[in-house]
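Topology and contacts: notes
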Amino acid sequence: MFVPTLRVVLCGNQLDCSLVQCPRQHCVKPIQSKGICCHYCGAEVRFRPPAGFYLMKFKERLANFLSETQQLDPKLTITVSLQEYELRLNIQITVSDSITDGNYEGAGYESSKVADSIHKYIVDYDIVREPDLVIEQSHQPYVVETQEAKDYDSFRIQRASSPGSCIW
């Protein structure tokens, strides 16, 4: 069974994606973040760090916030990194979930919900102002409980409990 490699391949300080085979993504609008070779179903939050910003302290506080609000899920991958956008350094937070196979259109739903929470956390705790934040999502989270959201939750429970199912 082929498991796609979505991680960064570094050659010196340059990103080398020539050896990476990217899988097809099944979401409304796959996104591609700096430092990641493939498009993915998920979300990205980025901002220019203010003066006196400490990346390690931010990572710790963000992890505590996500833990306290019970949003850390082993099926989610969250990375916080420093990337260059338009000749300026930015903090880039990527969130991706593992339901990106098959023809399921809800791929990226969980990561979009978490990215919205991270966005709100950054604004609420006065790290940066809302106009200074950029958020990109492959799937817009549901504002109200819709049938599509209920179907997604039902699918996720069935999929997780199916014998022999493989979610990576």
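Residues numbered from 1 in each chain as written. Predicted model: local features only at pLDDT ≥ 70, side-chain atom pairs only at ≥ 80, totals over all residues. Heavy atoms only, no water.

**Examining the state of the cysteines**
- One pass over the full model with this rule turns up two disulfides.
- Shown here is the disulfide that connects Cys22 with Cys38, its sulfur atoms set 2.0 Å apart. Taking the torsion about the S-S bond as the criterion, the Cys22 to Cys38 disulfide, at about -80°, is left-handed. Of this pair, Cys22 sits in the loop between strand S2 (14-15) and strand S3 (42-47) while Cys38 is found in the loop between S2 and S3, placing the two residues 16 residues apart along the sequence.
- Residue Cys38 is classed as buried on the basis of its relative accessible area of 1%. (Disulfide = S-S within 2.5 Å. Helix = DSSP H or I, 4+ residues; strand = E, 2+ residues; numbered from the N terminus. Buried < 20%, exposed > 50% of the residue type's maximum accessible area, 1.4 Å probe, protein only.)

**Some details on the confidence of the model for the protein**
- Averaged over all residues, the pLDDT of the protein is 74; the fraction at 70 or higher stands at 68%.
- Overall, residues 99-103 carries pLDDT values under 50, and its contacts beyond four positions in sequence, including any with other chains, amount to 16 contacts. (pLDDT = per-residue confidence, 0-100. Contact = heavy atoms within 4.5 Å.)

**Some remarks on the sheet that holds strand S6 (residues 133-137)**
- The strand order across the open sheet formed by four strands is S4-S5-S3-S6, and the pairing between neighbours is antiparallel. Because the sheet does not close on itself, it has two edges, and the strands there are strand S4 (76-85) and S6. On average, each strand axis in the sheet is tilted by 15° relative to the strand beside it, whichever way the strands run.
- With five bridges connecting them, S3 and S6 associate as antiparallel partners. Of the residues in S6, the one forming a bridge with Arg46 is Val134.
- Sheet strands touched by helix H1 (residues 55-68): S3, S4 and strand S5 (88-97). Its angle to S4, the strand with the most contacts, is close to 150°. (Pairing = 2+ DSSP bridges. Axes fitted to C-alpha atoms, helices over the stretch in contact; angles between N-to-C directions.)

**A word on the pattern of salt bridges**
- Tallying each qualifying case throughout the model produces five salt bridges.
- In this structure, Glu110 engages Lys113 in a salt bridge whose closest nitrogen and oxygen atoms are separated by 3.7 Å. In this pair, Glu110 and Lys113 both sit in helix H2 (residues 109-124), three residues apart, roughly one turn of the helix.
- Note that Asp124 is salt-bridged to Lys120, the shortest N-O span being 2.7 Å. Highlighted residues: Asp124 and Lys120, both in helix H2, separated by four residues, approximately one helical turn.
- What you see here is one network of salt bridges that share partners, running through Glu44, Arg46 and Glu136. (Salt bridge = Lys/Arg side-chain N within 4 Å of Asp/Glu carboxyl O.)

**Quick look at the packing of H1 against H2**
- The contact between H1 and H2 brings their axes to 11 Å, and the two run at 120°. As summarised for this structure, H1 and H2 are arranged oblique, according to the angle between their axes. For the crossing formed where H1 meets H2, the hand is right-handed. Facing Phe58, Arg61, Leu62, Phe65 and Leu66 of H1, the residues of H2 in contact are Val114, Ser117, Ile118, Tyr121 and Ile122.
- Looking at the contact of H1 with H2 residue by residue, the class counts come to eight nonpolar, one polar and one charged. (Parallel < 35°, antiparallel > 145°, perpendicular 65-115°, else oblique. Left-handed = near helix turned anticlockwise from the far one by under 90°. Nonpolar A, V, L, I, M, F, W, Y, C, P; charged D, E, K, R; others polar.)

**A word on the nonpolar core**
- Core analysis: the largest hydrophobic core is formed by 20 residues, its most contacted members being Phe47, Phe58, Leu62, Ile93, Ile118 and Ile122.
- Of all the secondary structure elements, the ones that give two or more residues to this core are S3, H1, S4, S5 and H2.
- With five residues, the top contributor of residues to this core is H2.
- Setting aside its immediate chain neighbours within four residues, Ile118 contacts Leu62, Leu66, Ile93 and Val95. (Core = buried A, V, L, I, M, F, W, Y, C linked by side-chain atoms within 4.5 Å.)

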